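# Topology and contacts: notes
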Amino acid sequence: LERIKLGVEPLDFGAPSGFPRKSLILISGDAGTGKSVIVNQITNNLLMKGEPAVYVTLDDDPTAVIDAFRSFGWSVDEFIEKGLLKFIDGFSFRLGSLKKQIKGVVREIVPDDTKKMIYVINEVIEESKMVNKGILILDSINELMFQLDVSSVIDFVKTLRAAVPKARGVITIITLHTTAEALNQLKNHLEYLVDGVIDTRLDPNLQELGIPLKQLNVKKLRGAPTNPLWIPYVIVDDGIRPVDQHKLSSLIKAKLREAVRFEQKPQS
Ligand SMILES: Nc1ncnc2c1ncn2[C@@H]1O[C@H](COP(=O)(O)OP(=O)(O)OP(=O)(O)O)[C@@H](O)[C@H]1O
Ligand SMILES: [Mg+2]
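In this report, the structure presented in the accompanying data block is examined. (Residues numbered from 1 in each chain as written. Chains lettered and ligands numbered in written order. Predicted model: local features only at pLDDT ≥ 70, side-chain atom pairs only at ≥ 80, totals over all residues. Heavy atoms only, no water.)

## What about the overall build of the chain?
If you tally the helices and strands in the chain, you get ten helices and twelve strands. Taken over the C-alpha trace, the chain has a radius of gyration of 20 Å; the compact-globule value for 268 residues is 18 Å, and the two agree within 12%. Reported as C-alpha extents along the three principal axes, the dimensions of the chain are approximately 85 × 45 × 40 Å. Looking at the chain as a whole, 49% of its 268 residues are labelled buried. (Helix = DSSP H or I, 4+ residues; strand = E, 2+ residues; numbered from the N terminus. Rg over C-alpha atoms; globule rule 2.2 N^0.38 Å. Buried < 20%, exposed > 50% of the residue type's maximum accessible area, 1.4 Å probe, protein only.)

## Description of helix α7 (residues 150-168)
Taking 1.5 Å as the rise per residue, α7 with 19 residues should run 27 Å; its terminal C-alpha atoms sit 26 Å apart, in good agreement. At R161, α7 is bent by approximately 30 degrees, the largest bend along its length, and proline P165 sits one to four residues beyond. Of the surrounding secondary structure, the elements contacted by the buried residues of α7 are β3 (24-29), α5 (114-127), β7 (135-139), α6 (142-147), β8 (171-177) and α8 (184-193). Of the residues one or two after α7, G169 is the one with positive phi, at around 70 degrees. (Expected span 1.5 Å × (residues − 1). Bend = angle between axes of the 7 residues up to and from the residue. Contact = heavy atoms within 4.5 Å.)

## As for the packing of aromatic side chains
By convention here, two paired aromatic rings are described through the distance between centres and the angle between planes. One pass over the full model with this rule turns up three aromatic pairs. Between the aromatic rings of Y55 and F87, the centroid separation amounts to 5.9 Å while the plane-to-plane angle is 50 degrees, which identifies the pairing as tilted. With Y55 in strand β4 (residues 53-57) and F87 in strand β5 (residues 85-89), the pair connects residues that are 32 residues apart, well separated along the chain. Residues Y55 and F87 agree in their burial class; the two are buried. (Phe/Tyr/Trp six-rings, centres within 6.5 Å; stacked < 30°, edge-to-face > 60°.)

## What about the site of ligand 1?
Looking at ligand 1, there are 13 residues lining it, with G32, K35, S36, V37 and H177 nearest. A distance of 2.8 Å separates an oxygen atom of ligand 1 from a polar atom in the backbone of G32. Interatomic distance of 2.9 Å between a backbone N/O atom of V37 and an oxygen atom of ligand 1. Look at ligand 1: alone it shows 640 Å² of surface, and the protein chains cover 63% of it. Those elements giving two or more residues to the shell around ligand 1 turn out to be α2 (35-48) and β11 (231-236). The element contributing the most residues to the shell around ligand 1 is α2, with three residues. Tallied by class, the residues present in the shell around ligand 1 amount to five nonpolar, six polar and two charged. (Near = heavy atom within 4 Å. Polar contact = N/O pair within 3.5 Å; in protein donor to acceptor, adjacent residues only side chain to side chain. Areas by Shrake-Rupley, 256 points an atom, 1.4 Å probe, with all protein chains shown as cover. Nonpolar A, V, L, I, M, F, W, Y, C, P; charged D, E, K, R; others polar.)

## Points about the sheet that holds β3
Taken in spatial order, the ten strands make up an open sheet running β6-β5-β4-β7-β8-β3-β9-β10-β11-β12, and their pairing is mixed. Every interior strand has two partners, whereas the edge strands, β6 (105-108) and β12 (239-242), have only one. Going across the sheet, the axis of each strand differs from the next one's by a mean of 25 degrees, ignoring polarity. Bridge analysis of β4 against β5 gives five bridges, and the strand direction is parallel. Of the residues in β5, the one forming a bridge with V54 is K86. Of the strands in this sheet, β3, β7 and β8 are in contact with α7, which crosses β8 at around 155 degrees. (Pairing = 2+ DSSP bridges. Axes fitted to C-alpha atoms, helices over the stretch in contact; angles between N-to-C directions.)

## Considering the pattern of salt bridges
Taken as a whole and assessed by the stated rule, the structure comprises 22 salt bridges. In this structure, the salt-bridge partner of K100 is D61, at a minimum N-O distance of 3.3 Å. Pair noted here: K100 is in the loop between β5 and β6 and D61 is in the loop between β4 and α3 (62-71), with a separation of 39 residues, a long-range link. Between R222 and D195 there is a salt bridge; the shortest N-O distance is 3.1 Å. (Salt bridge = Lys/Arg side-chain N within 4 Å of Asp/Glu carboxyl O.)

## Considerations on the side chain of E51
Assignment of secondary structure puts E51 in the loop between α2 and β4. E51 sits in the buried class, given a relative accessible area of 10%. A distance of 2.9 Å separates a polar atom in the side chain of E51 from a polar atom in the side chain of R21. Engagement of the side chain of E51 in a polar contact is seen with the backbone nitrogen of G134, the distance being 2.7 Å.

## Points about the nonpolar core
With 40 residues, the main nonpolar core has L11, F19, I42 and L85 as its most contacted residues. Counting residues per element, this core draws most heavily on α2, which supplies six residues. In this structure, L85 is in contact with T43, L47, A53, Y55, V76, F79, I80 and G104, ignoring residues within four places of it in sequence. Ranked by size, the runner-up nonpolar core spans 37 residues in total, among them L26, V124, L148 and I154. (Core = buried A, V, L, I, M, F, W, Y, C linked by side-chain atoms within 4.5 Å.)

In short, geometric facts, not functional conclusions.
This is the structure we're talking about:
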């Protein structure tokens, strides 16, 4: 069973011998924890190795993904021109006549018909000759929840897992933002059916101090060892970077003295 490094340091630390290709992985967490940046960086790394990627955009149109790649200095145009990066646009149906031509888009879908979605995804993966290579991304599956009930979304994910990572060895990553309380039911169901679960959050202790340190945890991964710790990271100019926790804690300890308030002695 082949395992691959995803090329995002804190993630690869969380799964030190790699991620099995035949896995469906869920990345979940609150809004703004960096889920989209993580999937974009994984996609970029695999593209750089010459592996194909199929990206189903549901939260935003593919232009937003292209712009995000560019914002980190990753040359996305070349991959699109080579046909290595293909988009299935599940967003622009909203735009009607305002729709514009976006390069790299090979299909358009409306995320209310799961059978059709599976069919289209399969078709594009087949056209791209993806067997035991490449990656499929769906960012995010929250959009499906606006169109469908929980059991249909679960059924869709089960079918997707059987058809793509299991049948073809194409690693598949789906994202879920968990900000709304109502999504916890879906998250619990998904966590047991997927092969890997990566949780993201802001460090709760530092958050109380107003320090936004992001963390991820490879909570589960079938068929591979994990370091199930909260691993800190930040997003900088060139993407996700790990943070040295010991260095951070000694910096904070050293600075603590400077923040001590002393009572003003009344002048006599
Ligand atoms: N080019 C960039 N340079 C530095 N930081 C960036 C850059 N692009 C994004 N970020 C940081 O990443 C954060 C959001 O990341 P991202 O969009 O991946 O979150 P998310 O978890 O996908 O959120 P949502 O659940 O709302 O989709 C931003 O708040 C910003 O701080
Ligand atoms: Mg996102």
